[in-house]
Amino acid sequence: MAPTRKPNDGLLARVNFPLYTIGMLTSRHVLVGGGGGASKTGVANGFEIFEIYHDGEKYVADEVIRHETGPTVVMNSATKNDEKRTLLVAGQESHCQMYLVNPIISSSDGEYIGGGKTETLDGLRKRKNVSYQQTNGHVKSDGQNQSDSKKGTEERTRKVIRFEIKTSDSVQTDFTESEPLQRVVRISPHGRLMATGGTDGHLRLWNFPKMTMLSDISAHTKEIDDLDFSPDSKYIVSIAKDGLGVIWSINPDKESRKLTWNPPEGTRYLFKRCRYGLVEGHKDKHRLFTLANPFAKSGKAKGLLQQWDPDQGRLTRVVEIDESLAALAVRDDGRFVAVGTMFSGSVSIYIAFSLQRVLHIPNAHAMFVTGLEFLPVTNFDGPAVSANTEAAVLSISVDNRICVHSLQYRHSLPAWVAIFAIVAILFITFCFCSYIGL
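None of the values given here were measured: they were computed from a predicted structure.

How should the overall build of the protein chain be read in this particular structure?
The helix and strand inventory of the protein chain stands at two helices and 31 strands. The buried share of the protein chain, reckoned over its 438 residues, is 51%. Restricting the contact set of the protein chain to residue pairs at least 6 apart, pairs at least 24 apart contribute 52%. As presented, the protein chain carries roughly 21,100 Å² of accessible surface, and 52% of it is formed by carbon and sulfur atoms.

Explanation requested: the side chain of Thr26 in the structure shown.
By the element assignment, Thr26 lies in the loop between strand E2 (19-24) and strand E3 (29-35). A polar contact of 2.8 Å, which involves the side chain of Thr26, links it to the side chain of His29.

Is there a simple way to explain the sheet that holds strand E20 (residues 254-258) in this structure?
The pairing of strands in a sheet comes from backbone hydrogen bonds and takes either a parallel or an antiparallel form. One open sheet accounts for four strands, arranged E17-E18-E19-E20; its pairing is antiparallel. Looking along the sheet, the strands with just one partner apiece sit at the ends: strand E17 (224-229) and E20. Taking each pair of neighbouring strands and ignoring which way they run, the sheet shows an average axis angle of 25°. Of the strand pairs in this sheet, E17 and strand E18 (residues 235-240) are connected by five bridges, and their pairing is antiparallel. Each bridged residue has a counterpart across the sheet, and for Phe229 the counterpart in E18 is Ile236.

Help me understand unusual backbone geometry in this model?
Both trends apply: most residues other than glycine have a negative phi, and most peptide bonds are in trans. Here the amide bond leading from Phe208 into Pro209 is cis, since omega sits at 10°, within 30 degrees of zero. For Pro209, the position within the fold is in the loop between strand E15 (203-207) and strand E16 (212-217). The phi torsion at Asn400 lies on the positive side, around 75°, for a residue other than glycine. Here Asn400 shows up in the loop between strand E30 (391-397) and strand E31 (401-407). Taking the relative accessible area as the measure of exposure, Asn400 reaches 19% and is therefore buried.

Sorry if this is basic, but what is going on with the UniProt feature "repeat: WD" (unreviewed entry) in the protein chain here?
Mapped onto this numbering, the UniProt entry gives "repeat: WD" (unreviewed entry) at residues 185-216 and 217-258. Secondary structure across residues 185-216 divides into 0% helix and 59% strand, with the first and last C-alpha atoms of the span separated by 14 Å.

Help me out: how do you make sense of the environment of Thr260 in this one?
Mapped onto the elements, Thr260 comes out in the loop between E20 and strand E21 (269-279). Expressed as a C-alpha distance, the spacing of Thr260 and Gly313, which sit 53 residues apart in the sequence, is 7.2 Å.

Could you clarify how one ought to interpret the side chain of Asn76 in this entry?
Counting through the fold element by element, Asn76 comes out in strand E6 (residues 76-81). Within the structure, the side chain of Asn76 is placed 3.2 Å from the backbone oxygen of Arg183, a separation counted as a polar contact. With sequence-adjacent residues up to four places away left out, Asn76 is seen in contact with Thr21, Val89, Ala90, Gly91, Gln182, Arg183, Val184 and Val185.

Would you take a moment to explain the nonpolar core for this structure?
Inside soluble globular proteins, nonpolar side chains tend to come together where they are buried. Leu12, Phe50, Ile52, Tyr59, Leu394 and Ile402 are the most contacted members of the largest nonpolar core, which has 21 residues in total. Only strand E1 (10-14), E2, E3, strand E4 (45-54), strand E5 (59-68), E30 and E31 provide two or more residues apiece to this core. If near-sequence neighbours (up to four positions away) are discounted, Ile402 is found in contact with Gly10, Leu11, Leu12, Ala13, Leu19, Val32, Phe50, Ser395 and Ile396. Phe336, Ile349, Ile361 and Val393 belong to the second-largest nonpolar core, a separate cluster that totals 17 residues.

How should the sheet that holds E30 be read in this particular structure?
Spatially, E1-E31-E30-E29 is the arrangement adopted by the four strands of the open sheet, whose pairing is antiparallel. Either end of the sheet is taken by a strand with one partner, and the two such strands are E1 and strand E29 (369-374). For this sheet, the mean inter-axis angle between neighbouring strands, taken without regard to orientation, is 25°. Direction of pairing for E29 relative to E30: antiparallel, over a ladder of five bridges. Its bridge partner lying in E30, Val369 is registered against Ser397.

Would you mind going over the pattern of salt bridges with me for this structure?
For side chains of opposite charge, pairing can occur when their charged atoms come near one another. If you walk through the whole model with that rule in mind, you get 19 salt bridges. Between Asp226 and Arg186 there is a salt bridge whose closest N-O contact spans 3.0 Å. Of this pair, Asp226 sits in strand E17 while Arg186 sits in strand E13 (residues 182-187), placing them 40 residues apart in sequence. The closest approach of N and O atoms between Asp200 and Arg204, which form a salt bridge, is 2.9 Å. Where salt bridges share partners, they join Arg183, Glu223, Asp225 and Lys241 into one cluster.

How should the environment of Gln182 be read in this particular structure?
For Gln182, the location among the structural elements is in strand E13. Of the residues examined, Gln182 reaches a relative accessible area of 1% and is grouped as buried. Along the chain, Gln182 and Asn76 lie 106 residues apart, while their C-alpha atoms are 8.1 Å from each other. Filtering out sequence-adjacent residues up to four positions away, Gln182 remains in contact with Asn76, Ala90, Gly91, Glu93, Ser94, His95, Cys96, Thr173, Asp174, Thr196, Gly197 and Gly198. There is a polar contact of 2.7 Å between the side chain of Gln182 and the side chain of Asn76. There is a polar contact of 2.7 Å between the side chain of Gln182 and the side chain of Thr173.

Calculation criteria
- Residues numbered from 1 in each chain as written.
- Predicted model: local features only at pLDDT ≥ 70, side-chain atom pairs only at ≥ 80, totals over all residues.
- Heavy atoms only, no water.
- Helix = DSSP H or I, 4+ residues; strand = E, 2+ residues; numbered from the N terminus.
- Buried < 20%, exposed > 50% of the residue type's maximum accessible area, 1.4 Å probe, protein only.
- Contact = heavy atoms within 4.5 Å.
- Areas by Shrake-Rupley, 256 points an atom, 1.4 Å probe, with all protein chains shown as cover.
- Polar contact = N/O pair within 3.5 Å; in protein donor to acceptor, adjacent residues only side chain to side chain.
- Pairing = 2+ DSSP bridges.
- Axes fitted to C-alpha atoms, helices over the stretch in contact; angles between N-to-C directions.
- UniProt positions renumbered as here; feature names shortened; annotations may be inferred.
- Core = buried A, V, L, I, M, F, W, Y, C linked by side-chain atoms within 4.5 Å.
- Salt bridge = Lys/Arg side-chain N within 4 Å of Asp/Glu carboxyl O.

Next up, the structure:
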């Protein structure tokens, strides 16, 4: 079946600075960060929060708040939320800066209801009059038809979530003598650990949210490109420009296994991104996905999307892609994987277990894709925004654009259903022929 895409997908929002990092704050609030650096170009540095919703025809994003970070660009970030607060950590040069992101609940006309402090409301940019009302477990958007007799009451009772952002602790996480830089930060699924990697090649584990160092591992001889915790928070994988991919056990901290494989035709490859994902339907099992690019554009070698058995360090599936790859995401339930390309700015979605491509959006961005994030399907703070589609992924780039790409529901029968139907038809036909004496 040909890949299908919603006709109204594409540009979701635009900001006035290059984007480098993206993450979900809640089931329907996304944070993007980036900037122009310390140069006096007039390009801002910081992050913005948008609310994502579906109006029945397309995905829409409304800006909630913008926070500028002065002369330091936000190159990477991670979030951890619970029912009370959200903690944001952001890589700003050699340091990791923590922010407290407190939700503020107000009515659609700005009247304070709860969460945060009342005096902070005036300091926040008021978002457009789009909100959701929870009624008997179902979400009604503003665009849906409502009876005239109820409109006045509902206007007064709608609740809008805004955010109050406070600067908290900051720690240095990279100690390269010349131009130290934090390249990546991750927070463990259970929320008690933070991991950072940078240009000095060290994997550092931190108590979270205390931001006190737990261990310092000389993991790589060159700068670290990516890290990720396993879903059970017992392992962490690191990849770097020295060509190594290593899975580390946590408590005690030691190397568990290396990711080893035989590149095609002897071409040298470097890992680019790594992400763990659940095995769908099995909370205790997980897969590991990596992106690998040919070193120094070796001939006609292609970028690779790789699936690993992390328990064995064994490569289980590989998909070749016509160009180098830049971004990787795995949906929270482990069912889908998304990749973004380096040169054409394209985005694709794959089924996680088979690596079958089910959606391809060529030239989704004008430049390379810097980040991908699936709209979540498992969450505690409300119905999934992506309920109208089988999957939806957000993408960002240095072209300042946030785009959405959604996969329509595929109306195909599982193989076992088709086989059962064929057997049933044959059996019924046989019985009918016997009955009429044929």
